[in-house]
Amino acid sequence: MTDFIIDTDIAIPENYTGAPSKYPFEEMRVGESFFVGPNYEDETQKQIGNRIAQARQAYQKRCAKQGDEVAFTQRMWTDAGVAGYRVWRVS
């Protein structure tokens, strides 16, 4: 026996867009960039790079499935003494 109630005739919402994007990939034009710093005090630059790479690649893959080819690159960057990454849209 389960604790779930099974319903019928519940309409699927048409305006589902998922969770809001954490990074501004959709808003960027070629040549624009943004800086990503640590989320918490002990986050290393490598962890920041891994976090942004995963989000960037997932966004690129979603766009490719929809027929849109976009590309980004990221580089280690220090902004106002804070070590992180800068992400550029390249196409």
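Each remark here, short or long, concerns the structure printed above.
A brief look at the structure comes next.

Parameters and conventions
- Residues numbered from 1 in each chain as written.
- Predicted model: local features only at pLDDT ≥ 70, side-chain atom pairs only at ≥ 80, totals over all residues.
- Heavy atoms only, no water.
- Pairing = 2+ DSSP bridges.
- Helix = DSSP H or I, 4+ residues; strand = E, 2+ residues; numbered from the N terminus.
- Buried < 20%, exposed > 50% of the residue type's maximum accessible area, 1.4 Å probe, protein only.
- Contact = heavy atoms within 4.5 Å.
- Salt bridge = Lys/Arg side-chain N within 4 Å of Asp/Glu carboxyl O.
- Phe/Tyr/Trp six-rings, centres within 6.5 Å; stacked < 30°, edge-to-face > 60°.

Attention now goes to the pairing of strand β2 (residues 72-79). As defined by bridge partners, β2 adjoins strand β3 (residues 82-89) across 8 bridges and the pair is classed as antiparallel. In the strand pairing of β3, T73 is matched with W88. In sequence, β2 turns back onto β3 through a hairpin of 2 residues, with A80 there showing a positive phi of about 55°.

A word on the pairing of β3. Inspection of the sheet shows strand β1 (residues 33-36) paired to β3 by 4 bridges, in the antiparallel sense. By the bridge assignment, F34 is partnered in β3 with V87.

Looking at the secondary structure, you find Q45 in helix α1 (residues 45-65). Look at Q45 and you get partly exposed, because its relative accessible area is 25%. Residues Q45 and R86, spaced 41 residues apart in sequence, show a C-alpha to C-alpha distance of 11 Å. Among residues more than four places away in sequence, those in contact with Q45 are M76, W77, A83, G84 and Y85.

On inspection of all chains with the given rule, the structure shows 2 salt bridges. We note a salt bridge from R51 to E43, for which the minimum N-O separation is 3.1 Å. With a shortest N-O distance of 3.2 Å, R86 and D79 are connected by a salt bridge. The class for D79 is partly exposed, based on a relative accessible area of 30%.

Evaluated as defined, the whole model comprises 7 aromatic pairs. Ring centres of F25 and F34 lie 5.8 Å apart, and the angle between their planes is 65°; this geometry places the pair in the edge-to-face category. Owing to a relative accessible area of 3%, F25 belongs among the buried residues under this scheme. Between F25 and Y59 the ring centres are 5.4 Å apart and the planes differ by 20°, which places this aromatic pair in the stacked class. Highlighted residues: F25 in the segment before β1 and Y59 in helix α1, separated in sequence by 34 residues. Taken individually, F25 and Y59 each receive the classification buried, so the pair is uniform in this respect. Here the aromatic cluster, defined as three or more aromatic residues joined through ring pairs, consists of Y23, F25, F34, Y59 and F72.

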